[in-house]
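Chain by chain, the residues:
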Amino acid sequence: MIKRILTYVLVSGIFWSCNNGTKGTGDINTTDTTTEEYVPIDATSDTADMHNAQNSLDVVGIYKGVLPCADCEGINTELELKADSTYTLKNSYLGKGDSQSFEEDGRYVWIDGSTIELKGGRDAPGKYYVGENTLTQLDMNGDKITGALADKYILRK
């Protein structure tokens, strides 16, 4: 009888230790409450098929906003991104008269899964970070603009 009880306890202990703590994830420590840090996915890596702006968002549409201007009241901007990877950009410099309106056409290309670049031969910054119904203009180096006017560089769909 004692032999049978010890066998039962031993088998129960083995099953309990095999199931306890793993819960199908492979983690032994179930009391770990740390959160993982977000690590961006490199578009050239093997995980490039994961969700990003390029494969998850509908980027096609018309984006509008008034961008900051050094020598005028602002630049009224309308950027239309089309499904065939072409764009039309209309800029109108506020407070400069009707003669300060410009329009250009070109192609846009994805630099990575979250940034597009306008190809049309212009000198102004032509890189935009793609968000949900937004395009955020980046500086000449492709970095996000920081500071007090950072939120003024967002075009909305």
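Model, not experiment: these values are computed from the prediction.

Criteria and cut-off values
Residues numbered from 1 in each chain as written. Predicted model: local features only at pLDDT ≥ 70, side-chain atom pairs only at ≥ 80, totals over all residues. Heavy atoms only, no water. Buried < 20%, exposed > 50% of the residue type's maximum accessible area, 1.4 Å probe, protein only. Helix = DSSP H or I, 4+ residues; strand = E, 2+ residues; numbered from the N terminus. Pairing = 2+ DSSP bridges. pLDDT = per-residue confidence, 0-100. Contact = heavy atoms within 4.5 Å. Salt bridge = Lys/Arg side-chain N within 4 Å of Asp/Glu carboxyl O. Disulfide = S-S within 2.5 Å.

Asker: Kindly report on the pairing of strand 1 (residues 61–67), identifying the contributing residues and their values.
Answerer: Taking every second residue as pointing to the same face, the buried face of strand 1 carries Gly61, Tyr63, Gly65 and Leu67, while none of Ile62, Lys64 and Val66 on the other face is buried. Bridging between strand 1 and strand 2 (residues 74–81) involves seven bridges; their strand directions are antiparallel. Counterpart to Lys64 in the pairing with strand 2 is Glu78. Hairpin remark: strand 1 followed by strand 2, antiparallel, with six residues in the connecting loop.

Asker: Give a description of the confidence of the model for the protein chain that names residues and reports values.
Answerer: Per-residue confidence for the protein chain gives a mean pLDDT of 77, with 60% of residues at or over 70. Within the protein chain, helix 1 (residues 2–19) has the poorest average pLDDT of any element, 57, and strand 8 (residues 154–156) the best, 97. Note on residues 43–48: pLDDT under 50 across the span, and seven contacts to partners over four residues away in sequence or across chains.

Asker: Before we move on, can you summarise the pattern of salt bridges with the specific residues and values?
Answerer: Evaluation of the coordinates by the stated rule reveals three salt bridges. The partner of Glu78 in a salt bridge is Lys90, and the shortest N-O contact between them spans 3.9 Å. Of this pair, Glu78 sits in strand 2 while Lys90 sits in strand 3 (residues 86–94), and the two are 12 residues apart along the sequence. In this structure, Lys119 and Glu117 form a salt bridge, with 3.6 Å as the shortest nitrogen-oxygen distance. A single network of salt bridges, built from pairs that share partners, joins Lys64, Glu78 and Lys90.

Asker: Account for the state of the cysteines, naming residues and giving values.
Answerer: Following the criterion strictly, the structure yields one disulfide and no others. Between the sulfur atoms of Cys69 and its disulfide partner Cys72 the distance amounts to 2.2 Å. Taking the sign of the torsion about the S-S bond as the criterion, the disulfide between Cys69 and Cys72, at about 125°, is right-handed. Given the relative accessible area of 19%, Cys69 is considered buried. Residue Cys72 is classed as buried on the basis of its relative accessible area of 17%.

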